Amino acid sequence: MPFDIRPGESYVIRRKVFKIFGAAFHVYDPQGGLVGYCKQKAFKLREDIRIYTDESCSTEFLTIKARSIIDFGSTYDVTLPDGTALGSLRRKGLTSTFLRDHWLVFNESGRQVGELTEDGSVLAFARRFIELVSVIFPETFTLARTGGEPIAKYRQHFNPFVYRLSVTVVKDDPEIDDLVILAAGCLIAAIEGRQSDAG
């Protein structure tokens, strides 16, 4: 096991911080076993994240694909390799850019069932403009059912060399698939983490 996983964590996503061309991250289960791997290409106009079972990239098990080219409020569809829809996530562009990260979560039929929000307000705002704040106070997120009931928690760990995000499923929900919860964590690691690197 390459690191310790805290009790209750469902997944841990790790990504190298200093990587100029593209990004790669690993997904680990509660026992520290590798369950997912993604190697992103740099400079893609349309985000297309493919999660494979291991580094060989021979078996794909999850796809997260933007519906349009790069924009502030893109919607990302989460599907199985055979095209089965699991749900989607839509980034609220202006709010996420200037205040705090905010995503809308939809089920497979396109109905909004939850929201993914960066915790806090003052710190979230400060992270966007003061690099030291983002280093000392890493991001945390809550995925909550529409109406406020928490479903999952996301916590970025303090580490200047490796981006590490833990995902804790706190409640099973019939309309929010566990793979959508994982996909949300992968989006945070791939997109929000990229913002942190740029800062």
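Please read all numbers here as calculations on a predicted model, not as lab measurements.

A count of helical and extended segments in the chain gives four helices and twelve strands. Of all 199 residues assigned to the chain, the portion counted as buried reaches 47%. Of the contacts made within the chain by residues no fewer than 6 positions apart, 38% connect residues no fewer than 24 positions apart. A total accessible area of about 10,200 Å² is found for the chain, and carbon and sulfur atoms account for 57% of it.

Moving on: the pattern of salt bridges. Applying the stated rule across the entire model yields nine salt bridges. A salt bridge links Asp101 to Arg91, with the nearest nitrogen and oxygen atoms 3.4 Å apart. Linking Asp101 in the loop between α1 (93–98) and β8 (102–106) with Arg91 in strand β7 (residues 85–91), this pair joins segments that are ten residues apart in sequence. Taking relative accessible area as the criterion, Asp101 reaches 0% and is therefore assigned buried. Overall, the relative accessible area of 8% leaves Arg91 in the buried class. A salt bridge links Arg145 to Glu175, with the shortest nitrogen-to-oxygen separation between them at 2.4 Å.

Counting residues in hydrophobic clusters, the biggest one holds 39 residues, and the most contacted among them are Ile13, Phe25, Leu116, Leu143 and Tyr154. Looking at this core, the element that brings in the most residues is helix α4 (residues 178–198), giving eleven residues. Beyond its immediate stretch of four places on either side in the chain, Leu116 contacts Asp101, His102, Trp103, Val105, Phe141, Thr142, Leu143, Tyr154, Ala184 and Ile188.

Take the side chain of Asn107 next. In this structure, Asn107 sits in the loop between β8 and β9 (112–118). For Asn107, a relative accessible area of 6% corresponds to the buried category. Polar side-chain contacts of Asn107 include one of 2.8 Å to the side chain of Ser109.

Even without glycine at this site, Cys57 takes up a positive phi of about 60°. Examined against the element boundaries, Cys57 turns out to sit in the loop between β4 (48–52) and β5 (60–66).

This part covers the environment of Glu60. Along the chain, Glu60 turns up in strand β5. Between the C-alpha atom of Glu60 and that of Leu80, which follows or precedes it by 20 residues, the distance is 8.4 Å. Those residues in contact with Glu60, other than ones at most four positions away along the chain, are Arg50, Ile51, Tyr52 and Pro81. In terms of polar contacts, Glu60 uses its side chain to reach the side chain of Arg50, at 3.4 Å. A distance of 2.4 Å separates polar atoms of two side chains, one belonging to Glu60 and the other to Thr63.

Take Glu139: it is sitting in the loop between α3 (131–136) and β10 (140–145). When the C-alpha atoms of Glu139 and Leu165 are compared, they prove to be 9.1 Å apart, with 26 residues separating the residues in sequence.

Moving on, we come to the confidence of the model for the chain. Averaged over every residue, the pLDDT of the chain is 78; residues scoring 70 or more account for 69%. For residues 122–130, every residue scores under 50 in pLDDT, and the model assigns this stretch 24 contacts once sequence neighbours within four places are set aside. When the criterion is pLDDT under 50, residues 195–199 qualifies, and its contacts beyond four places in sequence or with other chains add up to six contacts.

Analysis parameters
Residues numbered from 1 in each chain as written. Predicted model: local features only at pLDDT ≥ 70, side-chain atom pairs only at ≥ 80, totals over all residues. Heavy atoms only, no water. Helix = DSSP H or I, 4+ residues; strand = E, 2+ residues; numbered from the N terminus. Buried < 20%, exposed > 50% of the residue type's maximum accessible area, 1.4 Å probe, protein only. Contact = heavy atoms within 4.5 Å. Areas by Shrake-Rupley, 256 points an atom, 1.4 Å probe, with all protein chains shown as cover. Salt bridge = Lys/Arg side-chain N within 4 Å of Asp/Glu carboxyl O. Core = buried A, V, L, I, M, F, W, Y, C linked by side-chain atoms within 4.5 Å. Polar contact = N/O pair within 3.5 Å; in protein donor to acceptor, adjacent residues only side chain to side chain. pLDDT = per-residue confidence, 0-100.

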